[in-house]
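Chain by chain, the residues run as shown.
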Amino acid sequence: MANDNKLQNLIGHSKEYGFVFPSSEIYEGLSAVYDYGQYGAELKKNIRDYWWRSMTQMYDNIVGIDASIFMHPTVWKASGHIDNFSDPMIDNKDSHKRYRVDHLIEGFAETLTKENAEIVLATMDKLLAANDFTGLKQLIEEKNITCSVSSTCNWTDVRQFNLMFATEIGSIADEANVIYLRPETAQGIFVNFLNVQKSGRMKIPFGIAQTGKAFRNEIVARGFIFRMREFEQMEMQFFVRPGTQKEWYEFWKEARMKWHLSLGIAASKYRFHDHVKLAHYADAACDIEYDFPMGFKEVEGVHSRTDFDLKSHQEYSGKKLTYFDTDINQHYIPYVIETSIGLDRTVMMVLSEAYEEEDLSTDDKQDSRVVLRFPPMLAPIKLAILPLTKKDGLPEIARFLINQCKPHFKCFYEEKDSIGKRYRRQDALGTPFCITIDHQTKDDQTVTIRYRDSMVQERIALNDVKNLIMNKIQMFP
Ligand code: GAP
């Protein structure tokens, strides 16, 4: 069920507390482009690290690389992106506003009953799968789907629109110098397949992972950091023996769902969505969808990409990209299972999941707080260290503790405002633990630890703080 209020509150909170800002805001922003603030950048980095370590550290047959954004232009011919990476679009003749056809119809379906929405979406899926553009236009007209700006149903024909950004390399602007900003990170892995396999003496099955920026000229950009023009992907290509792709596809579907559940998110907030219209490279594909404030939407894709990419690169480059399988004494082009998750979408998922407006009112007093219940391993700040007062030697003890902890995890120091206000501010940033240094600390070397989620406070030894927090923030306990 969509929850517009929650989305708006989340966007407001993200800006107010330094998580996400509209890009170039002083110039009125740039549509579908966002910047991460001081806490958003930490959160994003922690998610990226968790994914990276889950792939490259927890599997001994997966390694990570970092390929460049610019690639030889023929890569995109071979990958099919020049010819196929386009979405059916339609323009409203009165407002001149352009829509992705599937988004326009999906938006309309959201206004219908569940049963009618399912009928419309099933019809749309069929037409998309058949590339039936006339049928799609007819559906839009039959249902009298109107433009949100002009409110008219005066539409152009449906056309394909390529989503890649092109630029030029070098100083002479002729066609030979056209280069694209990569629309997916995966191709950097494919073109390095043999480099990694040979230099790492990798044996099939094995995987290559990478994280990095991707760029798409999205026409309908909406939903905060859900759909951006510049975003980051975390992708892994798993190379397998031909004929085994079905079992590895199932393996990775399950493994990736387990990863999502390891974020502490309930299984009921996820679902699989099998693709009806397969991408040009796939023989099976599904999305892992999360229940965002706007409803269930894709956060990750698991794709069985066949041998399409390697075969095509072999053809276009003229370089052999086969692997010699010593177990069966055969040369072949491996098949590939891909897991592809958007980092920004994962940030949005983690933020949506963590955000809570909690009513703390009692019979005597109205009270509430906004709290971000991040899993401790992902929280931007792990520990806030708060001396009760600015004097009496308490800041010195706090500084001693920070110096002990900061080589191991991110700490935050604050001595201004009442302790209650400081706790609430840390709740709003999602800091799981606060330590208060008070006068008793000077007598018995104990401090108060306050837990974000339960708000329970207890006294522990100053010397135990570092190890206690380190235990609680482990990624792989
Ligand atoms: N290599 C396969 C691939 O790129 P995709 O389904 O187009 O597949 C994978 O993208 C993931 O990248 C998506 O599940 C989503 O999380 C993220 N993603 C795609 N387009 C995005 C956009 N415009 N903004 C933010 N994230 C996006």
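The structure presented is a predicted model; accordingly, all values stated were derived computationally and were not measured. (Residues numbered from 1 in each chain as written. Predicted model: local features only at pLDDT ≥ 70, side-chain atom pairs only at ≥ 80, totals over all residues. Heavy atoms only, no water.)

Trainee: What is the right way to look at the domain arrangement of the chain in this model?
Mentor: For interface size, the figure often reported is the accessible area lost on association. Domains assigned within the chain are domain 1 (4–68 + 187–351) and domain 2 (381–472). Taking only C-alpha atoms into account, the centre of domain 1 sits 37 Å from that of domain 2. Approximately 570 Å² of surface area, both sides summed, lies buried where domain 1 meets domain 2, with 62% of it carried by carbon and sulfur atoms. When residues of domain 1 are sorted by the area they lose upon contact with domain 2, Y17, Y39 and E42 head the list and together hold 71% of the total. Our count for the contact surface shared by domain 1 and domain 2 stands at 1 salt bridge. Its salt-bridge partner being E42, residue K410 comes within 3.9 Å of it at the nearest N-O pair. Where domain 1 packs against domain 2, one counts 1 residue pair in polar contact (both at pLDDT 80 or more). The biggest single contributor to the side of domain 1 that touches domain 2 is helix α2 (residues 38–56), with 3 residues. (Domains from an automatic or database assignment. Buried area = accessible area lost by both parts, 1.4 Å probe. Salt bridge = Lys/Arg side-chain N within 4 Å of Asp/Glu carboxyl O. Polar contact = N/O pair within 3.5 Å; in protein donor to acceptor, adjacent residues only side chain to side chain. Helix = DSSP H or I, 4+ residues; strand = E, 2+ residues; numbered from the N terminus.)

Trainee: Help me out: how do you make sense of the packing of aromatic side chains in this one?
Mentor: Each pair of aromatic rings is reported with the distance of its centres and the angle of its planes. The full count for this structure, using the stated rule, is 20 aromatic pairs. Put simply, the rings of Y59, F238, W248, F251 and W252 touch in pairs and so form one group of aromatic residues. Taking NZ or CZ as reference, K253 lies 4.8 Å from the ring centre of F272, over its face. The ring of Y413 has R399 lying over it, and the distance from NZ or CZ to the ring centre is 3.9 Å. (Phe/Tyr/Trp six-rings, centres within 6.5 Å; stacked < 30°, edge-to-face > 60°. Lys NZ or Arg CZ within 6 Å of the ring centre and 35° of its normal.)

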